[in-house]
Amino acid sequence: MHTIWKGSISFGLVNIPIKLHSATEDKDVKLRTLHRDCHSPIKYEKVCSVCNVEVKPEEIVKAYEYTKGKYVVLDDEELEALKKENEDKAVEIIDFVKMNEIDPIYYDRSYYMSPGENGGKAYSLLRKALEEAGKVGIAKIMIRSKEQMAVIRVLENTLVMETIHFPDEVRPAIDVPNVPLEDKVTKKELDTAIMLIDQLTTEFDASKYTDEYRTALLDLIESKRSGQEVVTSAEKTAIANVTDLMAALQASIDQTKPAKKEPIKKKRTGAKPKLKREA
């Protein structure tokens, strides 16, 4: 597994050398853009909007636009020095909290953590301590020129670092337009909705969920590559446009009801013995 970051993590006076490995992978199907006439890849050139000439990489600088058309230019050396200053710091666990206190909206990316040289014992100590305490660690780390907040937790005997957004990066839910302030539903509608939820409730099994679009796209690509005729699957049964809320809930419940099993009839193995009448 490729190492994307090396450093150390500390809690109190305990210092653990670690390596980070990406825990997830992007499986999006990448499509190229081609010229329709000759099927050659399209180039995207960097052109100055004023000089109207192609700009070479060594002629490009980074800048911050503080107002429309006005910029503060930042040298590569300045950015590199700032990056180095923060990367050299060990990752320090600032706080320990319960995981259910962190709303999922904060989570960003996941990384596996492995112990660096001579870090096995301290790694095991942190892992065991987190498990016993039922807590996760909150830390800060510099990854790819960006300071990140992170949650450190245990997953299947491995320490995992989950980068999370800073609070000012999460937009307030109150800003979402047209959200009703009150729940204008009847008790019957609510009870029926809860019944539907109960009927669809199961244990979470990640293996049963697949990216159907990606699978269909890869099948289409393979069929075209091998010159086969493309066959589309039958359309799903159209869902009726039910405007009445109760009717929609009841129809949903009817669709999700498990099929009734026919009662098993027992076979007769022979005639029942007759009871003798006592004299």
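Residues numbered from 1 in each chain as written. Predicted model: local features only at pLDDT ≥ 70, side-chain atom pairs only at ≥ 80, totals over all residues. Heavy atoms only, no water.

Observations concerning the nonpolar core
Applicable threshold: Joining through side-chain atoms within 4.5 Å is the link that ties buried Ala, Val, Leu, Ile, Met, Phe, Trp, Tyr and Cys residues into a set, and such a set is a nonpolar core. Partly exposed describes any residue whose relative accessible area lies between the buried limit of under 20% and the exposed limit of over 50%, with all areas from a 1.4 Å probe on protein chains only and scaled to the type maximum. We count a stretch as a helix when DSSP gives it H or I for four or more residues in a row; a strand needs E for two or more, and each element gets its number in order from the N terminus.
If you look at the biggest cluster of nonpolar residues, it comprises 21 residues, and the most contacted ones within it are I9, I16, L20, M113, I141, I152 and M161. Every element with two or more residues in this core is listed here: β1 (5–11), β2 (14–22), β5 (91–97), β6 (107–115), α2 (120–133), β7 (136–143), β8 (146–155) and β9 (158–164). With four residues, α2 is the largest single contributor of residues to this core. In terms of nonpolar packing, the next biggest core, distinct from the first, is built from seven residues, I102, V136, M149 and F166 among them.

Some thoughts on the sheet that holds β2
Note the threshold: A pair of strands is considered paired only if DSSP assigns at least 2 bridges between the two. Interaxial angle, 0 to 180 degrees, is taken between N-to-C directions of lines fitted to C-alpha atoms, where a helix line uses only the stretch in contact. Contacts are assigned to residue pairs that have any heavy atoms within 4.5 Å of one another.
Pairing in this closed barrel of seven strands is mixed, and the strands run β1-β2-β6-β9-β8-β7-β5 around the ring. Pairwise comparison of adjacent strand axes, ignoring direction, gives a mean angle of 40 degrees for this sheet. Contacting β1, β2, β5, β6, β7, β8 and β9, α2 runs over the sheet at an angle of about 85 degrees to β2.

Some remarks on the packing of aromatic side chains
Selection rule: Each Phe, Tyr or Trp ring, with Trp reduced to its six-membered ring, pairs with another whose centre is within 6.5 Å; inter-plane angles below 30 degrees give stacked pairs, above 60 give edge-to-face pairs, and intermediate values give tilted ones.
Counted according to the given criterion, the structure contains two aromatic pairs. Between the aromatic rings of F11 and F96, the centroid separation amounts to 6.4 Å while the plane-to-plane angle is 85 degrees, which identifies the pairing as edge-to-face. Taken as a pair, F11 in strand β1 and F96 in strand β5 lie far apart in primary sequence, 85 residues in all. Given the relative accessible area of 41%, F96 is considered partly exposed.

Observations concerning the pattern of salt bridges
Should the charged atoms of two oppositely charged side chains come close, the side chains can pair. How we decide: Within this document, salt bridges are pairs made up of a side-chain nitrogen of Lys or Arg and a carboxyl oxygen of Asp or Glu, the two lying within 4 Å of each other.
With the rule as written, the count across this model stands at seven salt bridges. The closest approach of N and O atoms between K146 and E169, which form a salt bridge, is 3.3 Å. Taken together, the positions of K146 in strand β8 and E169 in the loop between β9 and α3 (187–200) put the pair 23 residues apart, joining distant regions of the chain.

Topic: the confidence of the model for the chain
Which entries qualify depends on this criterion: The predictor reports its confidence for every residue as pLDDT, a score running from 0 up to 100.
Across the chain, pLDDT averages 82, with 84% of residues at or above 70. Note that pLDDT drops below 50 for residues 271–279; the model gives that stretch zero contacts with residues more than four away or on any other chain.

Topic: helix α5 (residues 245–256)
Rules: Multiplying 1.5 Å by the helix residue count minus one yields the expected span of that helix. Each direction from the helix axis to a C-beta atom contributes to the arc, which is the arc of those directions.
For α5, spanning twelve residues, the distance from its first C-alpha to its last is 17 Å, which sits close to the expected 16 Å at 1.5 Å a residue. Those residues of α5 not exposed but buried are M246, L249 and I253. Down the axis of α5, the smallest arc covering the buried residues is 65 degrees, so these residues share one side. Tucked inside the fold, the buried residues of α5 contact α3.

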